[in-house]
Amino acid sequence: MPETVLSEPRHSVRVERNIPIRMRDGVVLPADVYRPDGGGRHPVIVERVAYELVGRCTSNGEFFASRGYVFVGQNVRGTFASEGEWQPFRDDGWGANRDGYDTIEWAGVQSWSNGQVGMADGSYSGFSQYMVAPTRPPHLKALYVRQGGADYYSGFWYRYGAFSLPFQKWAMQTLLAQLEHETAPPGLDAARARLAAALDEYEDWEQHLPLKSFPPLEGLLDWYFDYLDHPEDGPYWWPTNIASKFGDIDTPMLHFGAWFDVFLDGTLQSFQGIRKSGRTRACRQGQRLLIGPWIHGPGNAARRVVGELDFGPQAAFDMNAHRLQWYDYWLKGMDNGVMDGPPVRIFLMGKNQWLDLDDWPPPGITYRSAYLREGSGKDENSLNNGGLAFDPPDSAEHPDSFEYDPNEPMPGLRFYPTLGPVDHRHLEEGMLTYTSAVLKRDLTVIGPVKAILHGLSSAPDTDWVVRLCDVWPDGRSMPVCDGILRARFRDSLQHPELLTPGRIYRFEIDMSATAQVFQSGHRLRIEITSSDFPRYDRNLNTGGPFGEEATGRVAVNTVFHDAERPSYVVLPVVED
C-alpha cells in the first residue's frame with residue numbers, strides 16, 4: 001500500500017436532511033444526503049449508524065462530497081427519526097428485513113448516483129458494513145470497514161463467556177441520546193431523567209448485582225436483557241455472526257484495525273475468513289488488512305502517542321486520505337496504486353515502523369512456547385517471583401496459588417474505549433507474574449498469541465485472565481495483549497460445564513494477536529489473575545446461573561508448571 005496524498009476539496013457541498021428511504025416492509029428510515037453542488041452523477045458513500053446524524057456524519061459528509069462523492073448518512077431502524085424497533089444489527093443483514101441492502105439499492109438508482117456505492121466509517125458502522133456484505137446488493141462495489149466485528153456475541157457482548165461490562169454503559173448512552181433528541185416521542189421525561197441520573201452515578205451502577213436486575217434500563221431496552229438471558233453462543237446470536245456467511249461475500253474490503261482496539265479480533269477474523277472463503281477469486285484477492293498501534297475511535301489513527309507510549313512519527317496515519325484513495329480506485333476507476341503491493345500492512349511496535357506482509361498470520365513464523373517457571377519466592381511487586389523461559393521444566397516445580405475475591409476484583413487498565421498500553425506495575429501486587437531474563441537480542445512476535453494453563457480452582461467456576469507485557473529497562477510493565485476465559489466455557493461456548501473443585505484442568509486462553517518487538521535489554525512478563533474489572537463482569541465463583549446472583553464466594557486458584565503439567569504461552573516468533 002503506497003503512501004497516500006490527500007486531494008484538495010473541489011466542490012462546494014449541498015445538504016438535504018430527512019430524505020425518506022422506504023424499506024421492503026414499508027418502514028421509513030430517513031437520511032441526510034451530502035452532495036457536490038452543481039449536479040451530475042457521482043459515486044455514493046453510505047453510513048448506517050445508531051447515533052445522531054448531524055454530529056456523526058457531518059465531517060464525513062462534507063469531506064466526501066467536497067471531493068466528488070455523494071454521502072448518505074442514515075439512522076438504523078428504530079433510532080432517532082427512523083421508524084420501527086431498534087434491535088441492533090437484526091435488520092441490517094440477511095434476515096427478513098434487509099435494511100442495509102435496501103438502502104444501498106436506493107442509493108444506487110437516484111438521479112445523483114452513478115450506480116457505484118460504498119460504505120463508510122466504523123464501530124457500529126463497521127458492524128453494519130460487515131452485516132450487509134453477505135446480502136450482495138448489486139450496486140455495492142467496495143467497503144472500507146474501520147474497527148468492526150464479525151460476531152456480535154463473541155466480538156461485542158461476551159468474550160469466551162465473560163460479559164463485556166462497558167457495553168452496558170454504551171447501551172445507556174446510546175439510548176439517552178435518542179431520548180434527548182427532538183425526534184423522541186412524548187411521555188418519556190421520567191425515563192430520560194432516570195437514565196441521565198444513572199449515567200452520572202455510573203461508577204456505582206457498574207458495581208450493581210445481580211446483572212439481570214438493572215433498573216436504569218428496565219422497561220426501556222428489552223434486547224439488553226435478552227442478551228443477558230443468552231450468555232452462551234447459539235441460534236439466538238447466529239443471525240448477527242457473519243463468520244458463517246464469509247462464503248456469500250463478493251465485495252472487496254479494506255479491513256482497518258488497531259492493536260489496542262476492542263474489535264481487533266473481528267477485524268482479523270473477517271479479513272482471514274473472506275480472503276479464504278469469499279465467493280469469487282476477485283473478492284478473495286480484493287481483501288486488504290491494515291492494523292496500526294492505536295485504540296478504538298475514528299480520530300485516534302492520527303495520533304502517535306497511545307496510552308503511555310509514543311510510537312513515533314510513522315504511527316500517525318491519515319485515514320481520510322487512505323479512504324479516499326480506496327474509493328477513488330473502486331468507485332471512480334482511478335489507477336492510483338492502492339491495490340499494489342502485499343495485501344497486509346501492519347505496524348510493528350517496538351521497532352515503530354510499518355511492515356508489509358503477504359498474509360495474516362505472516363508466513364514463516366515459528367510458534368515457540370514460553371514456559372512458566374518456579375521463581376525464588378514473593379517479591380514486593382507480585383504474589384510470586386516466577387520465571388519465564390523457552391526451556392520447559394524438567395523436574396517437579398511447586399505450583400502457585402492466589403485468592404480471588406469477587407467483592408474485591410482485580411481492576412484492569414485496558415478496557416473500552418481506552419485499551420491503550422499503561423504501566424501495570426502498581427496492579428501486579430495482586431497477580432501471579434512470570435518474568436523472563438533480560439533479552440540479549442530483539443525478539444519479534446507477530447501473530448496470534450495463546451496461553452495454556454494447567455490449573456485448578458476451589459470453586460465450581462472462575463475466570464482466568466492472562467496478559468503479556470513488555471518490561472522496560474526502567475521497570476515499566478506495558479501490556480501487549482491479553483485474554484480471558486470463563487472456566488465453564490473451557491470446552492464449548494455453546495455448552496458450558498462447571499468445574500469439579502480441586503480437579504486439575506487444561507485451560508486454553510486466546511490472547512488475541514499482536515506485532516511487537518521485545519527489544520534487547522527488555523524482558524517478557526506474563527500476568528495471571530482472575531478478574532479484569534470493569535472491562536468484564538466479575539465471576540462470582542458460585543457456578544450459579546449467569547446474572548442472577550448478588551453474592552459471590554472467594555476462590556483459591558492454582559497454576560501448575562511442572563514437567564507433567566506445564567503452563568506456557570505460545571508466541572508466534574519471526575526469526576528473521
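Before reading further, recall that the structure is shown in the block above.
The sections below set out a description of the structure shown in this document. Here the structure is a predicted model, which means the values were calculated and not measured.

As for its position among the elements, aspartate 400 is in strand E17 (residues 400-404). Although aspartate 400 lies buried, it forms no salt bridge, and the closest oppositely charged side chain, arginine 373, sits 10 Å away as judged by the N-O distance. For aspartate 400, the side chain forms a polar contact with the side chain of asparagine 384, separated by 3.4 Å. Apart from the residues lying within four places of it in its own chain, the contact partners of aspartate 400 are Asn384, Leu432, Tyr434, Asn557, Thr558, Val559 and His561.

Taken as a class, soluble globular proteins show a tendency for nonpolar side chains to be buried jointly. Counting 122 residues, the largest nonpolar core has Val72, Trp157, Leu217, Trp259 and Trp360 as the members making the most contacts within it. Of the residues forming this core, the biggest block, 7 residues, is contributed by helix H5 (residues 166-179). Among all residues touching tryptophan 360, those that are not within four sequence positions of it are Trp259, Leu268, Phe271, Gln272, Leu289, Val344, Ile346, Ile446, Gly447, Pro448, Ala513 and Thr514.

On to the pattern of salt bridges. Within the structure shown, the criterion is met by 36 salt bridges. The salt bridge involving arginine 48 is made with aspartate 92; its shortest N-O contact spans 3.3 Å. Residue arginine 48 is found in strand E3 (residues 42-49), and its partner aspartate 92 is found in the loop between strand E4 (70-75) and helix H2 (99-108); the two are separated by 44 residues along the sequence. The same class applies to arginine 48 and to aspartate 92, which are both buried.

Residues spaced three or four apart along an α-helix face the same direction, because each turn holds 3.6 residues. Over its 14 residues, H5 runs 20 Å from end to end, which matches the ideal 20 Å to within 8%, given 1.5 Å per residue. A large share of H5 lies buried, amounting to 11 of its 14 residues. Among the residues of H5, those classed as buried are Pro166, Phe167, Gln168, Trp170, Ala171, Met172, Thr174, Leu175, Leu176, Gln178 and Leu179. Contacts from the buried residues of H5 go to helix H3 (124-132), helix H4 (153-157), helix H6 (189-200), helix H7 (202-205) and helix H8 (222-228).

Put simply, leucine 209 and proline 210 share a cis peptide bond, and its omega is -5°. Geometrically, the link from phenylalanine 533 to proline 534 is a cis peptide bond, its omega value of 10° lying close to zero. In this model, asparagine 541 sits at a positive phi of 70°, which is unusual for a non-glycine residue. Positionally, asparagine 541 belongs in the loop between strand E23 (523-529) and strand E24 (555-560). For asparagine 541, a relative accessible area of 0% translates into the label buried.

A probe matching the size of a water molecule, rolled over the atoms, marks out where space remains unfilled. Summed over the entire model, instances satisfying the criterion amount to 4 cavities of 30 Å³ or more. In this structure, the largest cavity is lined by 22 residues; those nearest its centre are Arg486, Asp537, Pro545, Phe546 and Gly547.

Across the 10 residues of H2, 9 count as buried, placing the element largely inside the fold. Every buried residue of H2 is accounted for by Asp99, Gly100, Asp102, Thr103, Ile104, Glu105, Trp106, Ala107 and Gly108.

Next up on the list: the pairing of strand E6 (residues 140-146). Burial analysis of E6 places 6 of its 7 residues in the buried class, the great majority of the element. Pairing between E6 and strand E9 (residues 253-260): 4 bridges, direction parallel. Counted as the bridge partner of valine 145 is histidine 255 from E9.

Put simply, side chains in a regular strand alternate between the two faces of the sheet. Burial runs high along strand E13 (residues 344-348): 5 of the 5 residues are buried. Here E13 shows a buried face lined by Val344, Ile346 and Leu348 and a second buried face lined by Arg345 and Phe347. Summarising the sheet, strand E10 (residues 287-295) and E13 pair through 3 bridges and their orientation is parallel. By the bridge assignment for E13, isoleucine 291 is matched with isoleucine 346.

Take a negative patch on the surface next. Taken together, the side chains of Asp200, Glu201, Glu203 and Asp204 present a region of like negative charge at the surface. Turning to its location among the elements, glutamate 203 is positioned in helix H7. Residue classification places glutamate 203 among the exposed positions, given a relative accessible area of 66%.

A word on the packing of aromatic side chains. Going through the model one piece at a time under the given rule, you end up with 61 aromatic pairs. With centroids separated by 6.2 Å and ring planes inclined at 75°, the aromatic side chains of phenylalanine 127 and tyrosine 152 adopt a geometry described as edge-to-face. Placement of the pair is phenylalanine 127 in helix H3 and tyrosine 152 in the loop between E6 and H4, with a sequence separation of 25 residues. We note that phenylalanine 127, like tyrosine 152, is buried. Here tyrosine 505 and phenylalanine 507 contribute two aromatic rings whose centre-to-centre distance is 6.0 Å and whose plane-to-plane angle is 45°, an arrangement assigned as tilted. Here the two residues tyrosine 505 and phenylalanine 507 agree in accessibility, since each one is buried. The ring of tyrosine 505 carries arginine 490 above its face, with NZ or CZ at 4.6 Å from the centroid.

How each quantity is defined
- Residues numbered from 1 in each chain as written.
- Predicted model: local features only at pLDDT ≥ 70, side-chain atom pairs only at ≥ 80, totals over all residues.
- Heavy atoms only, no water.
- Helix = DSSP H or I, 4+ residues; strand = E, 2+ residues; numbered from the N terminus.
- Buried < 20%, exposed > 50% of the residue type's maximum accessible area, 1.4 Å probe, protein only.
- Lys, Arg positive; Asp, Glu negative; His and termini not counted.
- Salt bridge = Lys/Arg side-chain N within 4 Å of Asp/Glu carboxyl O.
- Polar contact = N/O pair within 3.5 Å; in protein donor to acceptor, adjacent residues only side chain to side chain.
- Contact = heavy atoms within 4.5 Å.
- Core = buried A, V, L, I, M, F, W, Y, C linked by side-chain atoms within 4.5 Å.
- Expected span 1.5 Å × (residues − 1).
- 1 Å grid on protein atoms, 1.4 Å probe; cavity = no way out; pocket = protein on both sides within 12 Å on 5 of 7 lines; lining within 4 Å.
- Points joined across faces, edges and corners; volume = space filled by probe spheres on them.
- Pairing = 2+ DSSP bridges.
- Patch = residues over 30% accessible without salt bridge, like charges linked within 9 Å, V, L, I, M, F, W, Y side chains within 5 Å.
- Areas by Shrake-Rupley, 256 points an atom, 1.4 Å probe, with all protein chains shown as cover.
- Charge placed at Lys NZ, Arg CZ, Asp CG, Glu CD.
- Phe/Tyr/Trp six-rings, centres within 6.5 Å; stacked < 30°, edge-to-face > 60°.
- Lys NZ or Arg CZ within 6 Å of the ring centre and 35° of its normal.

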